[in-house]
Amino acid sequence: LFCAASVAVTATLAGCSGESPDEMLASAKAFLAKRDLPAATIQLKNALAKNPNLAEGRLLLGQTLLENGDVNAAEVELRKARDLKAPAEQVSALLAKAMLLQGKAKDVIAEFSTTSLSLPEQNADLKTTVGQAYAVSGDFDLARKSFEAALTAKNDFAPALLASARLRAGESDIDGAMNVMVGLLLKSPEQFEAWLLKGDLQRIVRKNPEAIAAYEKALEIRPGLLNARASLASIHLREQKFDDAKK
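Residues numbered from 1 in each chain as written. Predicted model: local features only at pLDDT ≥ 70, side-chain atom pairs only at ≥ 80, totals over all residues. Heavy atoms only, no water.

Some thoughts on the overall build of the protein chain
Consideration 1: Each helix and strand in the protein chain was counted, giving 15 helices and zero strands.
Consideration 2: Within the span of the protein chain, comprising 247 residues, buried residues form 44% of the whole.
Consideration 3: Within the protein chain, contacts between residues separated by at least 24 positions form 45% of all contacts whose residues are at least 6 apart in sequence.
Consideration 4: On the protein chain, the mean spot of the 31 positive side-chain charges and the mean spot of the 31 negative ones are 2 Å from each other. (Helix = DSSP H or I, 4+ residues; strand = E, 2+ residues; numbered from the N terminus. Buried < 20%, exposed > 50% of the residue type's maximum accessible area, 1.4 Å probe, protein only. Contact = heavy atoms within 4.5 Å. Lys, Arg positive; Asp, Glu negative; His and termini not counted. Charge placed at Lys NZ, Arg CZ, Asp CG, Glu CD.)

See the structure below:
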């Protein structure tokens, strides 16, 4: 009874049963499906404690750590997954992201700039990250080419469209960036990051009512979006609407 309770409350399942690594892996996948990342992490670590050579377990743990923001540990696990022959289609884009988030832009370029994957979405994801690495390194022409390659692989890939729009905005092509965002939002109105960027673009051209509407839409989709709230507060303060700024 205590064991069952500990499973439900703390998700430290391995201490309570003789589950096999494969059973723990299946349990972790169930937790991931419910977006219970802490419980999934525990189960994946339990599975790997019993079988350190479980490639899929390493891959899923790396992906989960990446989502949780533990990018250093994510890179370690994703490299182990690759060493254990996890498919490059599944590992490469995640590994590149983990590296970029640690500030390893040059390493991303060195390791992945010539890599192409056969699956369109994974290839688009990888090319987008490589493009971001080029942008961080100040090579905007190669960044643009990488984003174009991502969109050739998958023409509606939202992260590539967002990255391309940000690059345009950085080069003062506000109209071009806005056109990209309008097109993206027509197809994918649930993209909170696109609403956020649209708000930023509207602020640049001093269209505060339109910016406010875009930020509010982003918050409708993702209520905890702190940068949208901060941007709204900044607009309200500039307009001396102090009660609105407090919301």
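Section: the nonpolar core
Consideration 1: Ranked by internal contacts, the top residues of the largest apolar core, which has 44 residues, are Leu 78, Val 91, Val 108, Phe 112 and Leu 126.
Consideration 2: The greatest single-element share of this core, amounting to eight residues, is contributed by helix H6 (residues 88-100). (Core = buried A, V, L, I, M, F, W, Y, C linked by side-chain atoms within 4.5 Å.)

Regarding helix H8 (residues 120-136)
Consideration 1: Between its first and last C-alpha atoms H8 spans 24 Å; for 17 residues at 1.5 Å apiece the expected length is 24 Å, and the two agree.
Consideration 2: Within H8 the residues assigned to the buried category are Asn 123, Ala 124, Asp 125, Leu 126, Lys 127, Thr 128, Thr 129, Val 130, Gly 131, Ala 133 and Tyr 134.
Consideration 3: Summarising the contacts, the buried residues of H8 are in contact with H6, helix H7 (105-112), helix H9 (140-153) and helix H10 (158-170).
Consideration 4: Directly after H8, the chain includes Gly 138, whose backbone phi takes a positive value near 85°. (Expected span 1.5 Å × (residues − 1).)

Considerations on helix H12 (residues 192-204)
Consideration 1: With 13 residues, H12 should cover 18 Å at 1.5 Å per step; its first-to-last C-alpha distance of 19 Å lies within 8% of that length.
Consideration 2: Those residues of H12 not exposed but buried are Phe 192, Ala 194, Trp 195, Leu 196, Leu 197, Lys 198, Gly 199, Leu 201 and Gln 202.
Consideration 3: Buried residues belonging to H12 abut H10, helix H11 (174-187), helix H13 (208-221) and helix H14 (226-238).
Consideration 4: Remark: Arg 206 follows H12 within two positions and exhibits a positive phi of approximately 60°.

Focus on unusual backbone geometry
Consideration 1: Even without glycine at this site, Lys 85 takes up a positive phi of about 75°.
Consideration 2: Position of Lys 85 relative to the elements: it lies in the loop between helix H5 (71-83) and H6.
Consideration 3: Look at Ser 172: it is not a glycine, yet its phi comes out positive at around 70°.
Consideration 4: Its place among the elements puts Ser 172 in the loop between H10 and H11.
Consideration 5: Ser 172 sits in the exposed class, given a relative accessible area of 63%.

Some points on the side chain of Glu 77
Consideration 1: Mapped onto the elements of the fold, Glu 77 is located in helix H5.
Consideration 2: Residues in contact with Glu 77, not counting those within four places in the same chain, are Leu 48, Arg 58, Leu 61, Gly 62 and Leu 65.

What to know about the environment of Thr 114
Consideration 1: Examined against the element boundaries, Thr 114 turns out to sit in the loop between H7 and H8.
Consideration 2: Sequence spacing of Thr 114 and Ile 174 is 60 residues, and the spatial spacing of their C-alpha atoms is 31 Å.

Description of the pattern of salt bridges
Consideration 1: Counted under the stated rule, the structure contains 13 salt bridges.
Consideration 2: For the salt bridge of Glu 111 with Arg 82, the shortest nitrogen-to-oxygen distance reads 3.0 Å. Taken as a pair, Glu 111 in helix H7 and Arg 82 in helix H5 lie far apart in primary sequence, 29 residues in all.
Consideration 3: Arg 82 gets classed as partly exposed once you look at its relative accessible area, which sits at 31%.
Consideration 4: Residues Lys 97 and Asp 125 are paired through a salt bridge, measuring 3.1 Å at the closest nitrogen-oxygen approach. (Salt bridge = Lys/Arg side-chain N within 4 Å of Asp/Glu carboxyl O.)

Digging into the packing of H8 against H9
Consideration 1: Two elements in contact, H8 and H9, have axes separated by 8 Å at closest approach and are oriented at 170°. By the criterion of interaxial angle, the relationship of H8 to H9 is roughly antiparallel. Contacts from Pro 120, Asn 123, Ala 124, Lys 127, Thr 128, Val 130, Gly 131, Gln 132, Tyr 134 and Ala 135 in H8 reach Phe 140, Leu 142, Ala 143, Ser 146, Phe 147, Ala 149, Ala 150 and Ala 153 in H9.
Consideration 2: Here the contact of H8 with H9 is composed, by residue class, of 12 nonpolar, five polar and one charged. (Axes fitted to C-alpha atoms, helices over the stretch in contact; angles between N-to-C directions. Parallel < 35°, antiparallel > 145°, perpendicular 65-115°, else oblique. Nonpolar A, V, L, I, M, F, W, Y, C, P; charged D, E, K, R; others polar.)

Comments concerning the packing of H12 against H14
The axes of two packed helices give the description: the angle between them and the distance between them.
Consideration 1: The contact between H12 and H14 brings their axes to 11 Å, and the two run at 25°. With respect to their mutual orientation, H12 and H14 come out roughly parallel. Our pair here, H12 against H14, has a crossing hand that is left-handed. Contacts between H12 and H14 pair Leu 196, Asp 200 and Arg 203 from the former with Asn 227, Ala 228, Ser 231, Ser 234 and Ile 235 from the latter.
Consideration 2: The residue makeup of the contact of H12 with H14, split by class, is three nonpolar, three polar and two charged. (Left-handed = near helix turned anticlockwise from the far one by under 90°.)

Regarding the confidence of the model for the protein chain
Consideration 1: A residue-level look at the protein chain finds 90% of positions with pLDDT of 70 or above and a mean pLDDT of 91.
Consideration 2: For the stretch residues 1-16, pLDDT sits under 50, and the model shows 21 contacts to residues farther than four places along the chain or on other chains. (pLDDT = per-residue confidence, 0-100.)

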